[in-house]
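One-letter residues, chain by chain:
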Amino acid sequence: MRSLAPLTLVALAALTGCAKGYTYNADVQPLLAAHCESCHESGGIAFPLQTYAQAFANRAAIATDVQSLRMPPWLPDDTCNSYKADPSLSAQEIAVLAAWAAYPSEGDPKILPVKITQPTSLGRVDLSLPMAQAYAPRAEPDDYECFLLDWPETATTYVTGFSIVPGNPRLVHNASAYIASPGQLSSYTRQLEQLPDGGTLPRYPCFGGPTSGLDALVNWLGLWVPGIASGELPQGTGIQVQPGSKVVLQINYTPGNDPGATDLSTVQLELSSTVAKQGALLPFANPSWVLGGNTGVSDAGSSLFIPAGQASYNVQFQLDPTPYLGLLTNNIIPAGTPITVYSAVGRMLLHGTQEQLSVIHPDQSETCLLNLKQWDFGWQGNYFFRAPIQVVPGDQLAISCTYDNSAANQPMVDGGLLTPAVLSWGESVTDELCLGLCYVTL
Ligand code: HEC
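Description of the structure in this document. Everything quoted here is computed from the prediction, not taken from an experiment. (Residues numbered from 1 in each chain as written. Predicted model: local features only at pLDDT ≥ 70, side-chain atom pairs only at ≥ 80, totals over all residues.)

Describing the overall build of the protein chain
- In terms of helices and strands, the protein chain carries eight helices and 20 strands.
- A burial count over the protein chain gives 41% of its 442 residues as buried.
- Relative to all contacts within the protein chain whose residues are 6 or more apart in sequence, the contacts with residues 24 or more apart total 81%. (Helix = DSSP H or I, 4+ residues; strand = E, 2+ residues; numbered from the N terminus. Buried ≥ 20, exposed ≤ 12 C-beta atoms within 10 Å, placed from the backbone. Contact = placed C-beta atoms within 7 Å.)

A word on the packing of helix α4 (residues 59-67) against helix α5 (residues 91-102)
- In contact at an axis separation of 9 Å, α4 and α5 are set at 155° when each is read in the N-to-C sense. Judged by the inter-axis angle, α4 sits roughly antiparallel to α5. For the crossing formed where α4 meets α5, the hand is left-handed. Each of Arg59, Ala60, Ile62, Ala63, Val66 and Gln67 in α4 lies in contact with α5, whose residues at this interface are Ile94, Leu97, Ala98 and Ala101.
- For the contact of α4 with α5, the per-class residue count stands at eight nonpolar, one polar and one charged. (Axes fitted to C-alpha atoms, helices over the stretch in contact; angles between N-to-C directions. Parallel < 35°, antiparallel > 145°, perpendicular 65-115°, else oblique. Left-handed = near helix turned anticlockwise from the far one by under 90°. Nonpolar A, V, L, I, M, F, W, Y, C, P; charged D, E, K, R; others polar.)

Some thoughts on the pairing of strand β2 (residues 143-150)
- Among the eight residues in β2, six count as buried, and that is most of the element.
- Sheet topology note: the β2/strand β8 (residues 246-253) ladder contains eight bridges and is antiparallel. Counterpart to Tyr144 in the pairing with β8 is Asn252.
- As defined by bridge partners, β2 adjoins strand β5 (residues 203-205) across three bridges and the pair is classed as antiparallel. Counterpart to Glu145 in the pairing with β5 is Pro205. (Pairing = 2+ DSSP bridges.)

Some thoughts on unusual backbone geometry
- Of note, the amide linkage connecting Met71 to Pro72 takes the cis form, showing an omega dihedral of -10°.
- Looking at the element boundaries, Pro72 is found in the loop between α4 and α5.
- Non-glycine residue Leu69 carries a positive phi angle of around 65°.
- For Leu69, the location among the structural elements is in the loop between α4 and α5.
- The backbone of Gln364 sits at a positive phi, close to 75°, despite the residue not being glycine.
- Turning to its location among the elements, Gln364 is positioned in the loop between β14 (352-360) and β15 (366-372).

Things to note about the sheet that holds strand β6 (residues 219-224)
- As summarised here, the arrangement of the five strands in space is β5-β2-β8-β4-β6, forming an open sheet in which the pairing is antiparallel. With one partner strand each, in any of the chains shown, β5 and β6 form the two edges of the open sheet. Here the strands of the sheet are splayed against their neighbours by 20° on average, with no regard to which way each runs.
- Seen against the sheet, helix α6 (residues 185-193) touches β2, β4 (172-180), β5 and β8 and runs at an angle of roughly 45° to β8.

Take a look at the structure:
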């Protein structure tokens, strides 16, 4: 009799689970369709979670990953600010998934699955820029490749929306795009000329940024991760592109997901010939970190210097950006004016653990823009605020970056962990960045 007791308990508990009414068909499938399927679909970047059998087989990991907030991937701390298109599950939804995972049941087969059209595409596509030809990512753990795409417009045009349609969604983990204006083109084509094939194909390997050297002052167009609604810029605003420019598409591939396969992705854009307010992605960092470059020596804050072996090393900087707006935005916004800030991006490389951007007002009160509490290089995004924030002369922008440069947190290169070394500003796996970007207008 006694040996039956545990079984009876499990049966009872299962009954209670059912009594609560959490079934796959009624409760779980709609949540997975809304919050997970954009990536977890057959042929997508992650294994499919589209049937009862698939959810059942992964139920323990689903419960763990939604409770730890690892899934869906969303790096911003929602207590810092609130963002558009936040895919996070509510506490109640997490509880439903966890309860179902403990006592899984399929439920009423008559309930039809919910189909959600993912909000990844733009409302209107005026221009599609495909890669010139299909690309087979290198078989390393990850491959970062930049593609130069021709810009066909013959008059000055404003990009008002940006998205990427991955050619092979299993391979495209995330992507960024930049504008190479006519005056900057040579620093991009130089990357091609240095390749062994002399740059016959308009693409080159690029890890941290699209050019070496210009990194903080490149013209960003947008960032894209699968499943996160992307790209419509705030109403009435847009990013200017001059005729004769090129678009640089930087893709982070995960070749292990589909070995040997190729990708031909397309940048999709919504365009306008005029906008009420011209926008720019304002870069923010300590100029000495950038200009100090890769010196590898600690010289009292005049370069970025992250000592080898330290598990938690923090750098900070703050400055009123308004006197430098002309320089930082290619004269799109004149110096000395108030600005409206719509979004924030944090940018570090592989050793980063936490990055925060905020505004410090003259009375020392603080407005938090973005806090990436668990930095993950593979999941960076441009996070648009629910309510734009004004920055006026006298306010300071503040940036704080924390790194783990201990032996346990080194990147894999050629199948082995690197040994810790001093990290300074640069764009390779053995460098680091501490950069913030904000989409701003006058
Ligand atoms: C933006 C894309 C995306 C979304 C949305 C997403 N995932 Fe994932 N998920 C991934 C990727 C990619 C992986 C593979 C590991 C990695 O890159 O972190 C993964 C891994 C997982 C794993 C890990 C499996 C293991 O081996 O441990 C689970 C479980 C999971 N996801 C569940 C979910 C659930 C549940 C949701 C929705 C609540 C969700 N994911 C939403 C992209 C996503």
